[in-house]
Amino acid sequence: MKRTIYAVFALLMFAACKQQQPLPEPVIDSIEVDDDSYVLDYKAQTISLNFATNAEYQFEIGADWIVHVDEESRSMENYNEHFAVAENSTSDERSTYIKIIAGDVEYMVTVVQGARPELFNLSIKHCNEHLDSPVWMGENVRGSIDWGD
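Residues numbered from 1 in each chain as written. Predicted model: local features only at pLDDT ≥ 70, side-chain atom pairs only at ≥ 80, totals over all residues. Heavy atoms only, no water.

Caption draft 1: The arrangement of the overall build of the protein chain in detail. What the protein chain contains, in helices and strands, is 1 helix and 8 strands. When the helices and strands of the protein chain are placed in sequence order, the string is α-β-β-β-β-β-β-β-β. Buried positions account for 23% of the 149 residues belonging to the protein chain. When contacts within the protein chain are restricted to residue pairs at least 6 apart in sequence, long-range pairs at least 24 apart make up 60% of them. Accessible area for the protein chain stands at about 12,400 Å²; split by element, carbon and sulfur atoms hold 51% of it. (Helix = DSSP H or I, 4+ residues; strand = E, 2+ residues; numbered from the N terminus. Buried < 20%, exposed > 50% of the residue type's maximum accessible area, 1.4 Å probe, protein only. Contact = heavy atoms within 4.5 Å. Areas by Shrake-Rupley, 256 points an atom, 1.4 Å probe, with all protein chains shown as cover.)

Given below as C-alpha cells:
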C-alpha cells in the first residue's frame, strides 16, 4: 500500500511539473519585392528581379517575349532571378507582368518595354571645301560621322 501511495504521489508530481508547451505559430507566406515595375527601352536585355520569400515559389509570365533564365530553389532567403527580355521590333509599346507565386501569396511585377524607334541611315556626299550639318529635330537624336579616313 505504501508503494502504491508513493507511485501515485510520484505521478502527480510528474504531471504537475510538466509544462504545457505553447502551440507553434502558423507560418504565413510572404513575398517582399525590391522593384514592382520595370520600364525598358526596345533593346533585348536581361532584368534582375530581387525578392525575398519564406515559401516555395514559382513564376507566371504573361507574355512569350520574357523568359525566366534561372532555376527555381527553395530556402528562406533573398533571391535574384533573371529574365531575358527580347527586343521589341514593333512600333508599339508593350507591357506584361511577372507574377511571383509563393504558397498562398501572389505578387505582380509589371514590365513595360518601349517601342522600337524609327531608325534610318543618312549618307551625305559632297565635294566642296565646307559642309554645314543639317539641323536635326526630335527627341534623343543620336548619330555618328564616318569621315572615311
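And the narrative resumes.
Caption draft 2: A look at the sheet that holds strand β2 (residues 37-40). Spatial ordering of the open sheet is given by β2-β8-β7-β4, a layout of 4 strands whose pairing is mixed. Of all the strands in the sheet, just β2 and β4 (57-61) have a single pairing partner and so form its edges. Direction aside, the axes of adjacent strands within the sheet are offset by 20 degrees on average. With 9 bridges connecting them, strand β7 (residues 94-102) and strand β8 (residues 105-113) associate as antiparallel partners. In the strand pairing of β8, alanine 102 is matched with valine 105. (Pairing = 2+ DSSP bridges. Axes fitted to C-alpha atoms, helices over the stretch in contact; angles between N-to-C directions.)

Caption draft 3: Representation of the sheet that holds strand β6 (residues 78-85) in the model. Reading across the sheet, the 4 strands line up as β1-β3-β6-β5 and stay open at both edges, with antiparallel pairing between neighbours. Each of the sheet's edge strands pairs with one partner strand only, and the pair in question is β1 (31-33) and β5 (66-68). Within this sheet the neighbouring strands show an average axis-to-axis angle of 35 degrees, counted without direction. As paired strands, strand β3 (residues 45-53) and β6 are joined by 8 bridges and run antiparallel to one another. By the bridge assignment, isoleucine 47 is partnered in β6 with phenylalanine 83.

Caption draft 4: Up close: a nonpolar patch on the surface. Side chains of Phe120, Leu122, Ile124, Leu131, Trp136 and Val141 sit close together on the surface and give an oily, nonpolar patch of about 610 Å² of accessible area. Summarising the element assignment, isoleucine 124 is placed in the segment after β8. (Patch = residues over 30% accessible without salt bridge, like charges linked within 9 Å, V, L, I, M, F, W, Y side chains within 5 Å. Salt bridge = Lys/Arg side-chain N within 4 Å of Asp/Glu carboxyl O.)

Caption draft 5: Looking closely at the pattern of salt bridges. The full count for this structure, using the stated rule, is 3 salt bridges. For lysine 99, the salt bridge goes to glutamate 60, with nearest N and O atoms at 3.7 Å. Residue lysine 99 is found in strand β7, and its partner glutamate 60 is found in strand β4; the two are separated by 39 residues along the sequence. You can call lysine 99 buried: its relative accessible area is 13%. Owing to a relative accessible area of 30%, glutamate 60 belongs among the partly exposed residues under this scheme. One salt bridge connects glutamate 106 with lysine 99, and the closest N-O pair in it is separated by 3.6 Å. Here the salt bridges do not stand alone but share partners, grouping Glu60, Lys99 and Glu106 into one network.

Caption draft 6: The nonpolar core, seen in detail. With 21 residues, the main nonpolar core has Ile47, Leu49, Phe51, Phe59, Ile98 and Ile100 as its most contacted residues. With sequence-adjacent residues up to four places away left out, isoleucine 98 is seen in contact with Ile47, Leu49, Phe59, Glu60, Ile61, Ile66, Phe83, Tyr107, Met108, Val109 and Val111. (Core = buried A, V, L, I, M, F, W, Y, C linked by side-chain atoms within 4.5 Å.)

Caption draft 7: Structural detail: the packing of aromatic side chains. What the rule picks out here adds up to 6 aromatic pairs. Consider the rings of phenylalanine 51 and phenylalanine 59, whose centres lie 5.9 Å apart with planes at 90 degrees: the pair is edge-to-face. Grouping residues by exposure puts phenylalanine 51 and phenylalanine 59 together as buried. Here arginine 94 stacks its cationic end above the ring of tryptophan 65, 4.0 Å away from the centre of that ring. (Phe/Tyr/Trp six-rings, centres within 6.5 Å; stacked < 30°, edge-to-face > 60°. Lys NZ or Arg CZ within 6 Å of the ring centre and 35° of its normal.)

In short, the description is geometric, and any link to function would need to be established separately.
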